[in-house]
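# Summary of structural features
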Amino acid sequence: MQLKQFEKDLSPLEIIIKENYIEWETIIETVRDNSFEASLYPGFKRISDLIISEKFNTIPNIVGALLTTINEKIGELSGKQKHILEDLSSELFCALIEQLNSTLEGRECWKICIPIIKDTCEFKGYDFNVLSRMLKINFVKTHSHKLPQASKLLPYYEWLGTKKSLTELIRKLKDKEWIANVNEFKKIFSPSLSHDYTFSAPSDNKGKLLVLFAELKEQNLIIPKINKGHFFPMYLYGVDLEKKLFEKEPKRYMENLKRKKTEYENVLKEVKKIIRMSSLN
């Protein structure tokens, strides 16, 4: 009964959280405890409204102010609450970047935003690179490994399970910090990728991602499309901040990991558990 009342009292932001996060109750409690919706969310909403109304001139200064406000607010926290609000801010901000980059005018606006964000950080005494890592945002995407423009369809994975199971799987990867952004990573399963597409992941967990995709292929849950092997999309699109995630062929990382038998078996066990818990079988 209490849960039903809790759900009934959700705000628009909290409804979004409920629809997109597995541990939505914990996240909403953290948002409420720290007045996130009152202090930070209006900034996200304001920028989104400006993008929709195509009032791009105002956006760069608001973006700079919003990022420094986020930094100040999150800097006051520690532990799990800090981690939750970092992740939430990251996903909301990455969604804004994606929204901006969906049009030519928006992309031009984003080019103007980046130096203003850097100047704002410098003025406030913040380290721009630290802020980038904290929010897991690639402010400048790398294009060094994209395919030629002549190619119409880019490599991707066809998902053979249910839509719900894919969402559950990606959420679990995000919760384990194997990837940085849910919506960003989900696109690797779409045939309509753009030529500047990348997904972000920490280098420390790239081996685990490879074991996961090897197991997904073994269980016939994915089919690599338009590529040279089932690791190729991972190699092509993965980044850690502005650097490529895989500097050499992924199979070499797998070979090295398999030599560490105990470590490999532990990762494989964890991967199988993730797949099983995502109701993929």
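Right, let's walk through the structure included here. Just so it is clear, the model here is predicted, and its values are computed rather than measured. (Residues numbered from 1 in each chain as written. Predicted model: local features only at pLDDT ≥ 70, side-chain atom pairs only at ≥ 80, totals over all residues. Heavy atoms only, no water.)

Looking now at the side chain of N181. Relative to the assigned elements, N181 resides in the loop between helix 10 (163-175) and helix 11 (182-186). Of the polar contacts made by the side chain of N181, one reaches the backbone nitrogen of N183; its length is 3.1 Å. Residues contacting N181, with those up to four places away along its chain left out, are S90, E91, C94 and K174. (Helix = DSSP H or I, 4+ residues; strand = E, 2+ residues; numbered from the N terminus. Polar contact = N/O pair within 3.5 Å; in protein donor to acceptor, adjacent residues only side chain to side chain. Contact = heavy atoms within 4.5 Å.)

What follows covers the packing of aromatic side chains. Here the structure, examined in full by the defined rule, presents twelve aromatic pairs. Seen in terms of ring centroids, F185 and F189 are 6.3 Å apart; in terms of plane orientation they differ by 75°. Their pairing is edge-to-face. On the basis of relative accessible area, F185 is assigned to the buried category, the value being 1%. Under the relative-accessibility criterion, F189 is labelled buried at 10%. A network of ring pairs unites the aromatic residues Y157, W159, F185, F189, F199 and F213 as a single cluster. Above the ring of Y253, the side-chain terminus of K248 is found at 5.1 Å from the ring centroid. (Phe/Tyr/Trp six-rings, centres within 6.5 Å; stacked < 30°, edge-to-face > 60°. Buried < 20%, exposed > 50% of the residue type's maximum accessible area, 1.4 Å probe, protein only. Lys NZ or Arg CZ within 6 Å of the ring centre and 35° of its normal.)

Let's shift gears to the pattern of salt bridges. Applying the stated rule across the entire model yields seven salt bridges. With a closest N to O distance of 3.2 Å, E158 and K225 form a salt bridge. Taken together, the residues span a long stretch of sequence, with E158 in strand 1 (residues 156-159) and K225 in strand 3 (residues 222-225) at a distance of 67 residues. Among the residues examined, E158 registers a relative accessible area of 29% and is labelled partly exposed. The salt bridge partner of E168 is K172, with a shortest N-O separation of 3.6 Å. Taken together, the residues E168 and K172, both in helix 10 and four residues apart, mark about one turn of the helix. Taking the relative accessible area as the measure of exposure, E168 reaches 24% and is therefore partly exposed. Residue classification places K172 among the buried residues on the basis of a relative accessible area of 14%. (Salt bridge = Lys/Arg side-chain N within 4 Å of Asp/Glu carboxyl O.)

This part is about the nonpolar core. Membership of the largest hydrophobic core comes to 42 residues, with the highest contact counts inside it found for F189, F199, L212, F213 and L216. Those elements that provide at least two residues to this core are strand 1, helix 10, helix 11, helix 12 (206-218), helix 13 (232-237), helix 14 (250-259) and helix 15 (261-277). Residues contacting F213, with those up to four places away along its chain left out, are Y157, F185, F189, I222, H230, F231 and M234. Ranked by size, the runner-up nonpolar core spans 37 residues in total, among them F36, I70, L100 and F128. (Core = buried A, V, L, I, M, F, W, Y, C linked by side-chain atoms within 4.5 Å.)

What the three strands build is an open sheet, ordered 2-4-5; its pairing is mixed. At either end of the open sheet lies a strand with only one pairing partner, and these are strand 2 (199-200) and strand 5 (243-244). Where strand 2 lies against strand 4 (residues 238-240), two bridges are found, and the strand directions are parallel. Residue S200 lies in a different strand from strand 4, and its bridge partner there is V239. (Pairing = 2+ DSSP bridges.)

Moving on: the packing of helix 3 (residues 24-33) against helix 7 (residues 79-100). Running from amino to carboxyl end, helix 3 crosses helix 7 at an angle of 95°, the nearest separation of the two axes being 10 Å. In terms of orientation, helix 3 lies roughly perpendicular with respect to helix 7. Together, T26, I27, T30, V31 and D33 of helix 3 and K80, Q81, I84, L85 and L88 of helix 7 make up the contact between the two elements. Among the residues making up the contact of helix 3 with helix 7, the classes are represented as five nonpolar, three polar and two charged. (Axes fitted to C-alpha atoms, helices over the stretch in contact; angles between N-to-C directions. Parallel < 35°, antiparallel > 145°, perpendicular 65-115°, else oblique. Nonpolar A, V, L, I, M, F, W, Y, C, P; charged D, E, K, R; others polar.)

This is a description of form; function is not addressed.
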